[in-house]
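# Analysis of the macromolecular model
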Amino acid sequence: MPGPQAGPDLKSKLNSDLNPAELISVVIPAYNARHTLPATLESLFAQTWPHLEIIVVDDGSTDGTAQMLAQYGARVRLLSQPNGGLARARATGVAAARGQWIALLDADDLCRPERLALQARVLEALPEVMMCAGDFDAFDDRDGRVSAGHAARYYARIGRARQGIRSLLRRREPLETAWGEQFHVCHGPAYEELAHGNFMHPPTLMFRRELLRADQAGSFEDEARSMCDWDWIVRAARCGEVAFIERALIDYRLSASQMSSPRHRVRATVDTLRVAERICQRDPELYLRQLPLFLRELGGFCLDAADALIETDRLEAARMLLRSSTRFGCLDMRTLRLLAKLLTPRRMLLAARQRRGIAPAG
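Model, not experiment: these values are computed from the prediction.

Right, let's talk about the overall build of the protein for a bit. Regarding its fold elements, the protein presents 16 helices and eleven strands. Residue burial in the protein is summarised as follows: out of 362 residues, 54% are buried. In the protein, once contacts between residues fewer than 6 apart in sequence are set aside, the share between residues at least 24 apart is 74%. For the protein, the computed accessible surface area is about 16500 Å², with 52% contributed by carbon and sulfur atoms.

Structure representation (structure tokens):
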């Protein structure tokens, strides 16, 4: 099982000079998660922070997730609702949370034992920071650990930056655990950086409850669909600084069913474009000030969506391709390649994918 376990000595040392009365609410959306959720919950029961509220939002599961959760009794607050998607499940969970600090987690990931305590230390030490994320390792059930420090591989905004996260959050300082171990946190204003692409991994996120107020970031919104996390994080980043802990806080499970997998590529690309446009509409001053960059990014998102749609909806793919050039001025070799692909008969595209051993899109 990825990730170290915490013993009683570590727990007592970690919490010796923290305020254990501070409640941390952990919100977990769950859809058909009965096979992975028990390990996720066990990783929370092993947390060094003693005062937790664990909320699982069963989003219309059909695999017996709710029945499985009954065995945990009062250790887990179960909220059940008809299937409404990630944004609605996140919104339901955070609205019910009682803690002043709220952490997000997915139903198939595993928390490192010290994750919540480290984030609590950051939020205590840096009052200007409104939300805190961190690095993560990746694993799958077949091969075990896939990569350490996976954030730089997962998020292009980190991977392409000259100094990684330190190029995006310019202030870096050491903090110290109660047992004398030093860890580093990068922090600073990040609204404009995040408006061009997310790099705060949602399952590692912990934030101050006040961000949910209507005059702050508000809650997660259905209109943002599968990209509701990026949409909310950008709104939250307008309210204060963000922080990033330079160590793995969770073990992130890779699977074919998760939203970031190739299986969900069409939805992800279309929703990314939708949220990017929402960000620009909410802040026209920023949009006009950085117009060439936003046009280039929006045009690229249109091309991503066109490429993903070609096999399943050619009319919509053609519309995205046209939109990229006429509205956002994106006309380059990639545009021409996608146009050629769009004009190629579907059976020829499928045959080419089969020769390369790639499953059909859908």
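From this point, things continue past the structure.
Attention now goes to the packing of helix H14 (residues 314–326) against helix H15 (residues 333–343). The interhelical angle for the contact between H14 and H15, taken along N-to-C directions, is 160°, at an axis separation of 11 Å. Relative to H15, H14 is oriented roughly antiparallel. Here H14 runs over H15; the crossing is left-handed. Contacts from Arg314, Ala317, Ala318 and Leu321 in H14 reach Thr335, Leu338, Leu339, Lys341, Leu342 and Leu343 in H15. Along the lines of polarity and charge, the residues of the contact of H14 with H15 split into seven nonpolar, one polar and two charged.

What follows is about the pairing of strand S6 (residues 129–140). Within S6, twelve of the twelve residues are buried, which leaves it mostly tucked inside the rest of the structure. Here S6 pairs with strand S11 (residues 241–253) via ten bridges, running parallel. Counterpart to Asp135 in the pairing with S11 is Ala248. The sheet contact formed by S6 and strand S10 (residues 206–208) spans two bridges and is antiparallel. Bridge pairing in S10 places Cys132 opposite Met206. The pairing of S6 with strand S7 (residues 144–147) spans three bridges and is classified as antiparallel. Following the sheet pairing, Ala138 is matched in S7 by Ser147. Between S6 and the antiparallel strand that follows it, S7, lie three residues.

Bringing the packing of aromatic side chains into the picture now. Counted according to the given criterion, the structure contains nine aromatic pairs. Judged by centre distance (5.8 Å) and plane angle (50°), the rings of Phe45 and Tyr72 are tilted. Of the two residues, Phe45 sits in helix H2 (residues 37–45) while Tyr72 sits in the loop between helix H3 (65–69) and strand S3 (77–81), which places them 27 residues apart along the sequence. For Phe45, a relative accessible area of 18% corresponds to the buried category. Judged by relative accessible area, which is 11%, Tyr72 ranks as buried. Ring plane angle 70° and centroid distance 4.8 Å describe the contact between Tyr154 and Tyr155, whose orientation is recorded as edge-to-face. Taking relative accessible area as the criterion, Tyr154 reaches 29% and is therefore assigned partly exposed. Pairwise contacts between aromatic rings join Phe136, Tyr154, Tyr155 and Tyr252 into one cluster. Here the basic side chain of Arg75 rests over the ring of Phe45, its NZ or CZ set 3.7 Å away from the ring centre.

Position of Glu176 among the secondary structure elements: in strand S8 (residues 171–176). On the accessibility criterion, Glu176 (46% relative accessible area) is partly exposed. For the pair Glu176 and Arg121, spaced 55 residues apart in sequence, the C-alpha to C-alpha distance is 8.6 Å.

Moving on, we get to the pattern of salt bridges. Counted according to the given criterion, the structure contains 29 salt bridges. Here Asp229 ties to Arg90 by a salt bridge, and the two come within 2.8 Å at their closest N and O atoms. Taken together, the residues Asp229 in helix H10 (residues 228–237) and Arg90 in helix H4 (residues 86–96) connect sequence positions 139 residues apart. For the residue pair Asp229 and Arg90, the accessibility class agrees, reading buried in each case. With a shortest N-O distance of 3.1 Å, Arg247 and Glu114 are connected by a salt bridge. One end of the pair, Arg247, is in strand S11; the other, Glu114, is in the loop between strand S5 (110–111) and helix H5 (115–125), and 133 residues separate them in sequence.

Examined against the element boundaries, Asp283 turns out to sit in the loop between helix H11 (265–282) and helix H12 (284–289). Taking relative accessible area as the criterion, Asp283 reaches 10% and is therefore assigned buried. Once residues within four sequence positions are removed from consideration, Asp283 is found in contact with Tyr191 and Arg238.

Attention now moves to the packing of helix H13 (residues 291–309) against H15. For the pair H13 and H15, interaxial distance at closest approach is 11 Å and the crossing angle is 20°. In terms of their interaxial angle, H13 and H15 are classed as roughly parallel. Like other packed secondary-structure pairs, H13 and H15 cross with a definite hand, here left-handed. Judged by residue contacts, Gly300, Leu303, Asp304 and Asp307 of H13 engage Arg334, Thr335, Leu338 and Lys341 from H15.

Conventions and cut-offs
- Just so you know, the residues in each chain are numbered from 1, in the order the chain's sequence is written.
- pLDDT decides what is reported in this predicted model: residues at 70 or higher carry local features, side-chain atom pairs at 80 or more are listed and counted, and totals for whole chains, interfaces and linings draw on all residues regardless.
- Only hydrogens and water are set aside; all other atoms, that is, all heavy atoms of the structure, feed into the side-chain values.
- The numbering of helices and of strands both runs from the N terminus, where a helix is a DSSP run of H or I of at least 4 residues and a strand a run of E of at least 2.
- Between buried and exposed lies partly exposed: a residue is buried under 20% and exposed over 50% of the maximum accessible area for its type, with that area taken using a 1.4 Å probe on protein chains only.
- We call two residues in contact whenever any of their non-hydrogen atoms come within 4.5 Å of each other.
- Residue burial considers only the protein chains on display, and all accessible areas are found by Shrake-Rupley using a 1.4 Å probe.
- Every angle, taken between N-to-C directions, lies between 0 and 180 degrees, and every axis is a line fitted to C-alpha atoms, over only the stretch in contact when it is a helix.
- Should an angle lie under 35 degrees it is considered roughly parallel, over 145 roughly antiparallel, and from 65 to 115 roughly perpendicular; all remaining angles are considered oblique.
- For a crossing to be left-handed, the near helix must be turned anticlockwise from the far one by less than a right angle; the clockwise case is right-handed.
- All residues other than Ala, Val, Leu, Ile, Met, Phe, Trp, Tyr, Cys, Pro, Asp, Glu, Lys and Arg, Gly among them, are scored as polar; the first ten of these are nonpolar and the last four charged.
- At least two bridges found by DSSP between two strands are what make those strands a pair.
- Ring pairs shown here join Phe, Tyr and Trp side chains whose ring centres sit within 6.5 Å, with only the six-membered ring taken for Trp; geometry is labelled stacked below 30 degrees between planes, edge-to-face above 60, and tilted in between.
- The rule for a charge over a ring is simple: NZ of Lys or CZ of Arg within 6 Å of the ring centre, and within 35 degrees of the ring normal.
- In what follows, salt bridge is the name for a side-chain nitrogen of Lys or Arg lying within 4 Å of a carboxyl oxygen of Asp or Glu.

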